[in-house]
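Observations on the model geometry
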Amino acid sequence: MRYVAGFFRFWWDFIVGDDWKIAAGVACVLTAGALLVAYSSLSDTVVTLLAGAGIVAVATTAIVRDALASRRPG
Amino acid sequence: MTWSTLGLAASTLLASAVEFVEAFTIVLAMGLTRGWRSAIAGTVSALAVLCGVAAFSGYALINWFPKSSLQLVVGSLLLVFGLQWLRKAILRSSGLKALHDEDETFRELTDTGRQGGAGTRAGLDWLGFVVSFKGVLLEGLEVIFIVITFGTSAHSMPTAVAGAAVGGAIVLAAGILLHRPLARVPENTIKFAVGLLLSTFGTFWAVEGLGVFAAGSKSMEWPGGEAALLGVLAAWCVISWLAVRLLAPYGTRREAAVGA
């Protein structure tokens, strides 16, 4: 069991790393994109641009907020 | 040669070069303090494991996944992995995180090597073997991850492998020539560039892979096709530059406080 936990921890650290919020944000945007693709009649152009902008926005917000929060005293 | 292929070769070369520099520092420190026999044995053993991992995972990815789902899975992993690099590079560039110092790492490793006990197994110095093995394995896994994701997503595994091989050869040649840690490699700049490229290709492929949810499971088409890569790259460059500018005053304050 210890080795299984260690295996998953290794891959979590390797892929997700220090800030899980980036991965969570990307997952949310891609889930929203998948729903748009499956259930809306939006064109490829609109969906790709929305999803691309969404990824950039959530990742940037996560990075900047985390950095600023770590600088606050206490 | 397309933009995608050029970007692929450049990304794998730079990314692998950075990882090879880190692995080289570890092996060099162990070789000088614990003996070259165990350091090289550890390196060769790790390379053998890495070859097995690369062969299995490459075969599994290519043969077990359809194209659009492969783009989605691999693109998403590449994106999250690349954003890790970009995050660290932004924090380092803005002064919120210490720069990676290869000389300091080398000093710490040589101290570890000198202070370690003299345990021997199978005729090898065990500390030198294990530290070299783990170092090469971990850095090598990152190279394999990058090569496989780039190679399969761009349908050009030979280009990805060639890029990584050239990066490794350059580092190895420079290391053998200088016989010291490659501390002058502008690691943060390279990691910044690679983080931008990984994030760009990850964004591009992950979004294309969303087509798996459409009727027919056909990959999504970005406006302008592959030329959209340049737009995505430009967006990441601008955003990263703005983030560094925004965070820089906080980093300066911290360093001033530490200095005081």
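Residues numbered from 1 in each chain as written. Chains lettered and ligands numbered in written order. Predicted model: local features only at pLDDT ≥ 70, side-chain atom pairs only at ≥ 80, totals over all residues.

Things to note about the overall build of chain A
The condition that has to hold: Note on conventions: DSSP H or I runs of at least 4 residues are helices, E runs of at least 2 residues are strands, and numbering of each starts at the N terminus. Only the C-alpha atoms count toward the radius of gyration. The rule for a globule is 2.2 Å times the residue count to the power 0.38.
Helices and strands together make up the secondary structure of chain A, namely three helices and zero strands. Traced from its N-terminal end to its C-terminal end, chain A shows the element sequence α-α-α. Expected size for 74 residues packed as a compact globule is a radius of gyration near 11 Å; at 16 Å, chain A overshoots this value by more than 25%. When its C-alpha atoms are laid out on the principal axes, chain A stretches across 45 × 40 × 15 Å.

Some points on the overall build of chain B
Here is the rule we go by: Contacts are defined on C-beta atoms placed from the backbone: any two residues whose C-beta positions lie within 7 Å are in contact.
Counting secondary structure elements, chain B contains eight helices and two strands. When its helices and strands are written in sequence order, chain B yields α-α-α-α-β-β-α-α-α-α. Since a compact globule built from 260 residues should have a radius of gyration of about 18 Å, the 20 Å found for chain B is in line with a globular shape. In terms of principal-axis extent, the alpha carbons of chain B reach across some 65 × 50 × 30 Å. Contacts spanning at least 24 positions in sequence make up 87% of the contacts within chain B whose residues lie at least 6 apart.

Description of the nonpolar core
Generally speaking, nonpolar side chains in soluble globular proteins are found buried as a group. Test applied: Remark: nonpolar core denotes a set of buried Ala, Val, Leu, Ile, Met, Phe, Trp, Tyr and Cys residues whose joining runs through C-beta atoms within 7 Å. Every C-beta atom is placed from the backbone, and the number of other C-beta atoms within 10 Å of a residue's own sets its class: buried at 20 or more, exposed at 12 or fewer, partly exposed in between.
With 84 residues, the main nonpolar core has I22(A), V26(A), V27(B), L78(B), V80(B), F204(B) and L210(B) as its most contacted residues. For this core, the leading source of residues is helix 1 (residues 3-34) of chain B, giving 16 residues. Non-local contacts of I22(A), meaning those with residues more than four positions away in its chain, are made with A59(A), A62(A), I63(A), V80(B), L83(B) and R87(B).

Points about the confidence of the model for chain A
Operational definition: The quantity called pLDDT is the predictor's confidence in a given residue, expressed from 0 to 100.
Within chain A, residue pLDDT values average 85, and 93% of them lie at 70 or more. By mean pLDDT, the top-scoring element of chain A is helix 2 (residues 20-39) of chain A (92), and the lowest-scoring one is helix 1 (residues 2-15) of chain A (76).

Looking at the interface of chain A and chain B
Rule in force here: Gly is put with the polar residues, along with every residue not named as nonpolar or charged; the nonpolar set is Ala, Val, Leu, Ile, Met, Phe, Trp, Tyr, Cys and Pro, and the charged set is Asp, Glu, Lys and Arg.
In this complex, chain A contributes 27 residues to the contact, which on the side of chain B involves 31 residues. Elements that contribute at least two residues to the side of chain A that touches chain B include exactly helix 2 and helix 3 (44-71) of chain A. When the residues that make up the side of chain A that touches chain B are grouped by side-chain class, the tally is 18 nonpolar, six polar and three charged.

A few points about the environment of F24(B)
Looking at the secondary structure, you find F24(B) in helix 1. In this structure F24(B) comes out as buried when scored by C-beta crowding, with 24 C-beta atoms within 10 Å.

Quick notes on the packing of helix 2 of chain A against helix 3 (residues 67-93) of chain B
Any two packed helices are characterised by how steeply their axes cross, that is the angle between the axes, and by the distance between the axes. What counts here: Interaxial angles span 0 to 180 degrees and are taken between N-to-C directions of axes, which are lines fitted to C-alpha atoms, for helices over the stretch in contact. By definition, any crossing whose near helix is turned counterclockwise from its far helix by less than a right angle is left-handed, and any crossing with a clockwise turn is right-handed.
Viewed as axis vectors pointing N to C, helix 2 of chain A and helix 3 of chain B meet at an angle of 140°, and their least axial separation amounts to 10 Å. Helix-helix and strand crossings are classified by hand; for helix 2 of chain A and helix 3 of chain B the assignment is right-handed. Taking contact as the criterion, the partners of I22(A), A23(A), V26(A) and L30(A) in helix 2 of chain A are, on helix 3 of chain B, S76(B), L79(B), V80(B), L83(B) and R87(B). For the contact of helix 2 of chain A with helix 3 of chain B, a count of residues per class yields seven nonpolar, one polar and one charged.

Comments concerning the confidence of the model for chain B
Residues and elements named next belong to chain B. For chain B, the mean per-residue pLDDT works out to 82, and 93% of the residues sit at or above 70. Per-element confidence in chain B is highest for helix 7 (residues 187-209), whose mean pLDDT is 87, and lowest for strand 1 (residues 120-121), whose mean pLDDT is 77. Per-residue pLDDT stays below 50 along residues 255-260; that stretch engages in one contact with residues further than four places along the chain or on separate chains. With a pTM of 0.77, the predicted complex shows an ipTM of 0.88.

Let's talk about the environment of V49(B)
Summarising the element assignment, V49(B) is placed in helix 2 (residues 36-64). C-alpha separation for the pair V49(B) and A39(B), spaced ten residues apart in sequence, amounts to 16 Å.

A short note on the packing of helix 3 of chain B against helix 7 of chain B
Residue and element names in this part refer to chain B. Inclusion rule: Throughout, the term roughly parallel applies to angles under 35 degrees, roughly antiparallel to angles over 145, roughly perpendicular to angles from 65 to 115, and oblique to all others.
Put simply, helix 3 and helix 7 touch, their axes get as near as 6 Å, and they point 150° apart. Classified by the interaxial angle, the pair formed by helix 3 and helix 7 is roughly antiparallel. Judged by the sense of rotation from one axis to the other, the crossing of helix 3 with helix 7 is left-handed. Tallied by class, residues from the contact of helix 3 with helix 7 come to 16 nonpolar, 13 polar and four charged.

Quick look at helix 6 (residues 157-178) of chain B
Residue and element names in this part refer to chain B. Which entries qualify depends on this criterion: Under the convention used throughout, the expected extent of a helix is 1.5 Å for every residue step, that is, one less than its residue count. As used here, the arc is the angular range of directions from the helix axis to the C-beta atoms.
Taking 1.5 Å per residue as the helical rise, helix 6 with its 22 residues ought to reach 32 Å, and the 32 Å between its terminal C-alpha atoms agrees with that figure. Looking at helix 6, one finds that the buried residues are T159, A160, G163, A164, G167 and V171. Mapping the buried residues of helix 6 onto a view down its axis gives an arc of 135°, with all of them on the same face. Of the exposed residues in helix 6, the ones pointing more than 90 degrees away from its buried face are P158, A173, I176 and L177. Positioned one or two residues after helix 6, H179 has a phi angle of 55°, which is positive.

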